[in-house]
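Single-letter residue listing:
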Amino acid sequence: MPLHYPFSAVVGSDDMALALLLNAVSPSVGGVLIRGEKGTAKSTMVRALAGILPQIEVVAGDRFSSAPSDRGTDTPDGPIPHDAPTEHRPVRLVELPIGATEDRIAGSLHLEKALSEGVTAFEPGLLARAHRGLLYVDEVNLLHDHVVDQLLDAAAMGRVTVERDGVSVEHAARFVLIGTMNPEEGELRPQLLDRFGLTVEVSAPREAALRAEVIRRRVAFDSDPESFSATFAADELALRERIVAARERVSGIELTDWALTKIATVCAGFDVDGMRADIVTARTAAAHAAWEGRTRITRADIRVAARMALPHRRRRAPFDAPGLDEDLLDSLLGDDDEPDPRDDGPASDSRGENDKNDDDNNTSDSTTGRQAPQSGASAEDTGDAGDTESDAGEDGPGSESSNDTDTATDADAGTGTGDPQQGAGDAGENGRPGGAATEPGTVTAASDPYRTRLLTVAGTGHGVSGRRSRAITTTGRRTGSTGFTGSDVHLPATIRAAASHQAARGRESGRDGGRLLLSARDLRSAVREGREANLVLFCVDASGSMAARTRMEQVKTAILSLLLDAYRRRDKVGLVTFRGSGAQVALPPTSSVDVAAARLAELPAGGRTPLAEGLLTAAELLRVERVRDPQRRPLVVVVTDGRATHGPDALARSRAAAAGLASHGVASVVVDCESGRFRMGLASELATHLGADHIPLGEVTAEGLTHTVRTHTAPDRRTTALTEGEVA
């Protein structure tokens, strides 16, 4: 068995280490979600945690890790004898693969026994294996929502109920759930975030000395794992003994009225939803007090607990990252501790106060006395620790000589026709469509997002499960059967497949107890139709004709609203912008709509309109992405007024680029930003060449669509059906 990097050898990462240790002391805390950039020792430290946990006593040979106190109770394998022997073994760290299916997680029918012996037997899943241990999910934000729900329900209830494939069983599943994620790859939904007890943020160190120490230790471990681990053996043992002592102490921690009031005050002050935050904070504060050797909860314990239990539960605007205002936290806590005649230890020393203290009475023990705030040593790719996000999202060409061209002139150049409505002085500055133009390169902020209409890709896809377009997925309603895929047995179809072979297999009436004679080739899996996630690629016109303050605000608000919709539907998103003399990929396809929202907020406007270049850039990006992820169907959302003003034959080239994109069968939508009484209808013509749905900017909202439909006496049913996704 390969050696894991020692827990106590990881440099810094204090909050992450403390959150893991507090869950080891008191699993009722509810697990931990670790958020951070790549190469920050997230996986390294989680895998190392199992090495410092005390061994557990289990019933010998039991597949469900039953404790000695469980003797005499029932398991799916039958009752446990009262005199069943026991044994000691290390705590298991069970890793959940991203592609794990529901039956692999919760368990299912034992197919081999069903086919060979004709009996119904239960095959335990990963949750049974993780009982009384650790369940680790790397990149938890990339799991399907229903899988995450299943994990969190089991973690909260401590039991798993399986009702599938003719099996109905229930068994214990108490484990510490640990999830890691890179926020750049997408966020968890708030309701899923709330189910994790604690959350911590980690980042790579920026100090050269700390980075050098990370490299030094990593190289030493890779060169001689045994010798390196032996160097930290004493520190590992000290941590294990401290965990044992804290576990014995935690049940006796006194939760006084003063502590309860402080916890309630803090949670109410941060306006968190529900009562889970209060309960988790209380449990975490008790675990921290036990870890520090105290018998009563102090202000320092509550502060540490709040810093980890509240950031992901506070009410926040869409696309806001989890976080906590520590000045507000200190204000809510005050500076008083409950008077206590028993002086049972310094209340100010805290592993979680690494922004204030650097002493010896905290979890620096887990790093052999080294304090390295927010650092880490990665077992996978330490060399990536300092990597930062791609600069693909920098502003588009803002220094082009054409950018100082007047807005109205830009509009005229590619069409041969002026548009008075788009002129710089056409409207007032305060809220009128196409209000006063801004200087080229000016950044306009979006307003609050709203609920949008549903945009879908026509037809039936085969992409990953999501909430947008129709597709054959692993979840959803059963529509048919196919050859056996290894899971999701379709029993009626299996029986039908076996029925015609019963005589050939020697089954006779009245014999074999009427049992159906099955063969492996009879097995069928269900075909299910649900919804898939798509790649929503925004192609945004940021030229001078869009630069009027009110219009750009409306455009950004619409895109922000569509981004929020993509987040809820689990889509990947990308952003292409065009202005001046060219187009750029502001954001390559990603699952992180938060990054897309940040790129949108920084988007300036001004200059000519290279519409053809924007469409060609989008087409090339889709070509590359199709190679990387061929099952994910794209939906291109072109946000423009349809003008094309850069280069010779700008309008004709843009129409040719649109036709080329349409020839590849790419589903698209044109959001028409043109407004006012005098309209040229160029965006509508662009939609025709793209084979796209045409949606005026005001109808992006669900309410705007409803109003438009109601005001038309004979709406086009075909267009409405395509827009709403009701296709064959």
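Since the model is a prediction, treat every value here as computed from it, not as a measurement.

Draft legend 1. Looking closely at the side chain of arginine 294. Inspection of the secondary structure assignment puts arginine 294 in the loop between α12 (276-291) and α13 (299-309). Polar contacts involving the side chain of arginine 294 include one to the side chain of aspartate 301, which spans 2.4 Å.

Draft legend 2. Structural context of the sheet that holds strand β16 (residues 477-483). Within the open sheet, the three strands sit side by side as β15-β17-β16. Their pairing is antiparallel. For this open sheet the edge positions go to β15 (465-473) and β16, each flanked by a neighbour on one side alone. Strand-to-strand twist across the sheet, computed as the mean angle between neighbouring axes with direction ignored, equals 35°. Examined bridge by bridge, β15 and strand β17 (residues 524-532) share six bridges and lie antiparallel to one another. Looking at β17, one finds that serine 465 is bridged to glutamate 532.

Draft legend 3. Seen up close, unusual backbone geometry. The phi angle at serine 65 is positive, at roughly 50°, despite the residue not being glycine. You can call serine 65 buried: its relative accessible area is 1%. In the Ramachandran plot, glutamate 139 falls in the positive-phi region, its phi being about 55° despite a non-glycine side chain. According to the relative accessible area criterion, glutamate 139 is partly exposed, its value standing at 21%.

Draft legend 4. Representation of the sheet that holds strand β13 (residues 198-202). Read across the open sheet, the five strands follow the order β6-β9-β12-β1-β13; overall the sheet is parallel. The open sheet has two edge strands with one neighbour each: β6 (93-95) and β13. Across the sheet, the mean angle separating the axes of adjacent strands is 20° when strand polarity is ignored. Where strand β9 (residues 134-138) and strand β12 (residues 176-181) come together, five bridges link them in parallel fashion. Within β12, the position partnered with tyrosine 136 by the bridge is isoleucine 178. The sheet strands contacting helix α1 (residues 14-25) are β1 (32-36), β12 and β13, and the helix crosses β13 at an angle near 155°.

Draft legend 5. Here's a closer look at the pattern of salt bridges. Taken as a whole and judged by the stated rule, the model has 33 salt bridges. Glutamate 201 is the salt-bridge partner of arginine 35, the closest N and O atoms lying 2.5 Å from each other. Of this pair, arginine 35 sits in strand β1 while glutamate 201 sits in strand β13, and the two are 166 residues apart along the sequence. The exposure class of arginine 35 is buried, given its relative accessible area of 3%. Here glutamate 201 falls in the partly exposed class, since its relative accessible area comes to 37%. Residues participating in the shared-partner salt-bridge network are Asp15, Arg303, Arg307, Glu326 and Asp330.

Draft legend 6. Representation of the packing of α13 against helix α14 (residues 326-333) within the structure. Contact geometry for α13 and α14: axes closest at 11 Å, N-to-C directions at 145°. As α13 runs across α14, the sense of the crossing is right-handed. Mapping the contact onto sequence places Arg299, Ile302, Arg303, Ala306 and Arg307 in α13 and Glu326, Leu329, Asp330 and Leu333 in α14.

Draft legend 7. How the structure looks around the nonpolar core. The biggest cluster of nonpolar side chains holds 69 residues, and the ones touching the most others in it are Phe7, Leu20, Ile34, Ile178 and Trp291. Core analysis: the second largest hydrophobic core is formed by 38 residues, Val536, Val540, Ile559 and Val637 among them.

Draft legend 8. Up close: the pairing of strand β20 (residues 582-590). Here six bridges tie strand β19 (residues 572-579) to β20, and the two strands are oriented antiparallel to one another. Paired with phenylalanine 578 across the two strands is alanine 583, which belongs to β20.

Calculation criteria
- Residues numbered from 1 in each chain as written.
- Predicted model: local features only at pLDDT ≥ 70, side-chain atom pairs only at ≥ 80, totals over all residues.
- Heavy atoms only, no water.
- Helix = DSSP H or I, 4+ residues; strand = E, 2+ residues; numbered from the N terminus.
- Polar contact = N/O pair within 3.5 Å; in protein donor to acceptor, adjacent residues only side chain to side chain.
- Pairing = 2+ DSSP bridges.
- Axes fitted to C-alpha atoms, helices over the stretch in contact; angles between N-to-C directions.
- Buried < 20%, exposed > 50% of the residue type's maximum accessible area, 1.4 Å probe, protein only.
- Contact = heavy atoms within 4.5 Å.
- Salt bridge = Lys/Arg side-chain N within 4 Å of Asp/Glu carboxyl O.
- Left-handed = near helix turned anticlockwise from the far one by under 90°.
- Core = buried A, V, L, I, M, F, W, Y, C linked by side-chain atoms within 4.5 Å.

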